[in-house]
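# Coordinate inspection notes
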Amino acid sequence: MLDGVTLDQIRTFIAAAEQGSFSAAGRKLRRAQSVVSHTLANLEAQLGVSLFERSGRYPQLTEEGQSLLRDARAVADHMDDFKARARSIREGLEPELSAAMDVMYPMPAITHAVGQCRELFPTTPLRLYVEALGGVVQPVLDGSCRIGVIGSLPTVPDELVAESLVLVPFATVVSPQHPLAKARKPLSNAELSKHVQLVLTDRTPLSSGRNFGVVSPLTWRLADLGAKHAFLRAGFGWGHMPVHMVQEELDQGQLVEIRTHANAKARASLEMQAVYRKDAPPGPVGRAFIEALRH
């Protein structure tokens, strides 16, 4: 009986568990509720396990159902990956290399990776976006970019696969004229909160309601990292910046690195990750680009 379990039954089980009712699962799958109920009843009979408790108004996962749901999702994900890889093999090279890059990623590393890909695939065109936070992820989710490289958005949506790339070190900096520039000891959050913090903000709703690294109630939110950089130099506030973007100014005294309790012993680092949709993994060009970014 177990050999008769189908992928369609597994996907129906996942939809019912995630949607909270058989009717909602039917709407998601574009099927009648009766078809969903029948499919799940057959699945339970084949497994010899009750997946849902049906005594209440809405079906509830049983303990056995909760345990098997994890395995069902893994099976569905593996099948999506299998089909996507087969499609990539069938299609061969991607028609273009399309990528959305986090603005925090060092540009010299990006140009190096693009250069390597051009040597390997000289006829493949490039389409590259440089964004921040959810602006990197959104083009990947909607399919306009095959690859994203994220860092400033620390959460990865469930629809995506993530691969670690590199760590980008950060420094907390101010203008030499800023009051915090005179501090000779690590600053507490209470001390930092008395001054304006310059914060990169999201152009998309993907990070709505969440703040990353914000400790001051006095915030100026900027959608452009270049504007944040300029405002820091102008002495409008304090903020975190990638070291590679401010190292020259730190060396020349145009910016001052301040220590906080969080970075008293070592600079903080941001993990950069390559992401792509589970149903659209990178082909040969995209894979070469990711490996070049990693090395």
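Residues numbered from 1 in each chain as written. Predicted model: local features only at pLDDT ≥ 70, side-chain atom pairs only at ≥ 80, totals over all residues. Heavy atoms only, no water.

A tally of regular secondary structure across the protein gives 10 helices and 11 strands. A compact globule built from 295 residues would reach a C-alpha radius of gyration of about 19 Å, whereas the protein, at 25 Å, exceeds it by more than 25%. Counting all 295 residues of the protein, 40% fall into the buried class. In the protein, of all internal contacts separated by at least 6 residues, the share reaching a separation of at least 24 is 71%. Split by element, the accessible area of the protein, about 15700 Å² in all, is 54% carbon and sulfur. Across the protein, 32 positive and 31 negative side-chain charges occur, with their mean positions spaced 5 Å apart. (Helix = DSSP H or I, 4+ residues; strand = E, 2+ residues; numbered from the N terminus. Rg over C-alpha atoms; globule rule 2.2 N^0.38 Å. Buried < 20%, exposed > 50% of the residue type's maximum accessible area, 1.4 Å probe, protein only. Contact = heavy atoms within 4.5 Å. Areas by Shrake-Rupley, 256 points an atom, 1.4 Å probe, with all protein chains shown as cover. Lys, Arg positive; Asp, Glu negative; His and termini not counted. Charge placed at Lys NZ, Arg CZ, Asp CG, Glu CD.)

Let us now look at the nonpolar core. Judged by nonpolar contacts, the single largest core of 37 residues is most densely connected at Met-101, Tyr-105, Leu-165, Val-173, Phe-289 and Leu-293. Among the elements that take part in this core, helix α10 (residues 284-294) stands out by supplying 6 residues, more than any other. Once you skip the residues sitting within four places of it in the chain, Val-173 turns out to touch Leu-232, Gly-237, Trp-238, Gly-239, Met-241, Val-246, Leu-250, Leu-255, Val-256 and Glu-257. Membership of the second largest hydrophobic core comes to 15 residues, among which are Ile-10, Ala-15, Ala-16 and Val-36. (Core = buried A, V, L, I, M, F, W, Y, C linked by side-chain atoms within 4.5 Å.)

Right, let's talk about helix α5 (residues 107-120) for a bit. Taking 1.5 Å as the rise per residue, α5 with 14 residues should run 20 Å; its terminal C-alpha atoms sit 20 Å apart, in good agreement. Listed as buried for α5 are Ile-110, Ala-113 and Cys-117. For α5, the arc enclosing every buried residue in end-on projection is 65°, short of the 170-degree limit, so these residues lie on one face. Along α5, exposed side chains directed more than 90 degrees from the buried face belong to Pro-108, Arg-118 and Glu-119. (Expected span 1.5 Å × (residues − 1). Arc of directions from axis to C-beta.)

Take Glu-163: it is sitting in strand β6 (residues 160-174). Glu-163 sits in the buried class, given a relative accessible area of 15%. One polar contact links Glu-163 to Tyr-276, side chain to side chain, over a distance of 2.7 Å. Polar side-chain contacts of Glu-163 include one of 2.8 Å to the side chain of Arg-287. If near-sequence neighbours (up to four positions away) are discounted, Glu-163 is found in contact with Met-272, Gln-273, Ala-274, Tyr-276, Arg-287, Ile-290 and Arg-294. (Polar contact = N/O pair within 3.5 Å; in protein donor to acceptor, adjacent residues only side chain to side chain.)

Here we take up the layout of surface pockets. Of the volumes computed, that of the second largest pocket is approximately 590 Å³. Looking at the second largest pocket, it is lined by 16 residues, and the ones nearest its centre are Arg-11, Glu-18, Lys-28, Asp-77 and Asp-80. Elements with a minimum of two residues in the lining of the second largest pocket: α1 (7-19), α2 (22-29) and α4 (63-91). Each residue belonging to the lining of the second largest pocket can be placed in one class, and the counts come to 5 nonpolar, no polar and 11 charged. (1 Å grid on protein atoms, 1.4 Å probe; cavity = no way out; pocket = protein on both sides within 12 Å on 5 of 7 lines; lining within 4 Å. Points joined across faces, edges and corners; volume = space filled by probe spheres on them. Nonpolar A, V, L, I, M, F, W, Y, C, P; charged D, E, K, R; others polar.)

With that out of the way, let us pick up the packing of aromatic side chains. On inspection of all chains with the given rule, the structure shows 5 aromatic pairs. When the centroid spacing of 5.8 Å and the interplanar angle of 80° are considered together, the rings of Phe-13 and Phe-52 count as edge-to-face. With Phe-13 in helix α1 and Phe-52 in strand β1 (residues 52-53), this residue pair connects regions lying 39 residues apart in the sequence. The buried category is assigned to Phe-13, whose relative accessible area is 3%. For Phe-52, a relative accessible area of 4% puts it in the buried group. Both rings, one in Phe-22 and one in Phe-52, keep their centres 5.4 Å apart while their planes meet at 85°; by these two values the pair is edge-to-face. (Phe/Tyr/Trp six-rings, centres within 6.5 Å; stacked < 30°, edge-to-face > 60°.)

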